[in-house]
Amino acid sequence: MTKRPVQGLHHITAVASDANQNIDFYQTVLGQRLVKRTVNFDDPKTYHLYYGDKVGSPGTIMTFFPWQHMRRGSRGVGETGATGYLIPPDAVDYWQDRLTKHNIETTPTQSRFGETVLAFADPNGLPLELITDRDNSDIVHWDAGEIASEHAIRGFHGVTLWVKDAAPTAHVLTQHLGFTRVGQEKNRIRLRGASTAVGLYIDLLELPTVSKGRFGAGSVHHIAFRTVDDDEQAEYLDRLRLAGLQVTPVQDRQYFHSIYFREPNGVLFEIATDAPGFLYDEHIDTLGQQLKLPTWLEPHRQEIERIVPPLEIDKTK
Ligand code: ZN
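Heads up: these notes are all about the structure in this document. What you see is a predicted model, and the numbers here were worked out from it, not measured in a lab.

Each angle at a metal carrying four tetrahedral donors should ideally be 109.5 degrees, and each at a metal carrying six octahedral donors should ideally be 90 or 180 degrees. Within the protein, the atoms that donate to the zinc ion are His11 (NE2), His222 (NE2) and Glu270 (OE), at distances of 2.0 Å. Of note, the zinc ion draws all its donor residues from one chain, in the sequence arrangement H-x210-H-x47-E. Taken together, the positions of His222 in strand β13 (residues 220-227) and Glu270 in strand β16 (residues 268-273) put the pair 48 residues apart, joining distant regions of the chain. Per residue, the accessibility class of His222 equals that of Glu270, and both read buried.

Tallying each qualifying case throughout the model produces 16 salt bridges. One salt bridge connects Glu146 with Arg98, and the closest N-O pair in it is separated by 2.8 Å. Highlighted residues: Glu146 in the loop between β8 (127-132) and β9 (156-163) and Arg98 in helix α2 (residues 92-101), separated in sequence by 48 residues. In this structure, Glu298 and Arg301 form a salt bridge, with 2.5 Å as the shortest nitrogen-oxygen distance. Classification of Glu298 by relative accessible area gives partly exposed; the value is 34%. In this structure Arg301 comes out as partly exposed when scored by relative accessible area, which is 21%. Among the charged side chains, a network of salt bridges with common partners joins Glu115, Arg188, Arg190 and Asp203.

Structural remark: α-helix, 3.6 residues per turn; residues separated by three or four positions point the same way. Over its 13 residues, helix α4 (residues 230-242) runs 18 Å from end to end, which matches the ideal 18 Å to within 8%, given 1.5 Å per residue. Glu232, Gln233, Tyr236, Leu237 and Leu240 are the residues of α4 that are buried. Across the axial projection of α4, the buried residues extend over an arc of 150°, all falling on one side. Exposed and oriented more than 90 degrees from the buried face of α4 are Asp231 and Leu242. Those residues of α4 that are buried are in contact with α3 (166-176), β13, β15 (257-262) and β16.

The rules behind each value
- Residues numbered from 1 in each chain as written.
- Predicted model: local features only at pLDDT ≥ 70, side-chain atom pairs only at ≥ 80, totals over all residues.
- Heavy atoms only, no water.
- Donors = N, O, S within 2.8 Å, 3.2 Å for Na, K, Ca; no water.
- Helix = DSSP H or I, 4+ residues; strand = E, 2+ residues; numbered from the N terminus.
- Buried < 20%, exposed > 50% of the residue type's maximum accessible area, 1.4 Å probe, protein only.
- Salt bridge = Lys/Arg side-chain N within 4 Å of Asp/Glu carboxyl O.
- Expected span 1.5 Å × (residues − 1).
- Arc of directions from axis to C-beta.
- Contact = heavy atoms within 4.5 Å.

Below you can see the structure in the form of structure tokens.
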């Protein structure tokens, strides 16, 4: 094991279609602050939108590539089947009312490992869950949104991965990333990260007869785990390669540094550094208000700004 286990989830990256619809849902309805507006570094014609708490704390960050004409994907094994946000135990009724008022269909609440789960989907069909739990997080509430602190989402609870066979994925999580198996309900196996951060739970839902899905709008592209700094990340890189996993070299993602690998069931995992973070190139008061580009794309700013769609939120400033 490296010096210490990963500190839970860092971010989750998914695919949307319409950028404005995506901002309206995550920022207005769910009360997540748009903390960064940049482009997909591998496809600069597309936005990369980041939502999180007031400062963009690791463990709160949901990110999207809104590809305007992307058709909707379908779920299958080898991907993230649901993304869970953590809410306070007495906020369930509030959220049920709020989602209904916004014409978002919810499924009846379920009980899972003693917690209440409220399930629904985003406008592209991406499965989301609000899961009650005690709030151990030190996330910073975004008080400019519509949602009072007592009801607000507290970052991620965790994710549910759909897998054919849980054992090899559980092996990677427990042997290399510091997770512990903490429970099982039917075909759902729960693993917990070793820290006290948010985003600690990975549920493996074993679905041996389900086939692969189709990637598209509403699909999660990858999930990222937190590591503190470059040195710790380098230890993970060595360790995972020694274990026979195909890990990419370190990529500079401007707000964090990343390595990627596919776990044995096919889910794309990333390990991202906490540093330098989202306050790296913007002040806390104006986070997410301007299109930020890395230095290597700055010479193409005019062209990029002409291609990406205008955002409705800019009209109300
Ligand atoms: Zn990522």
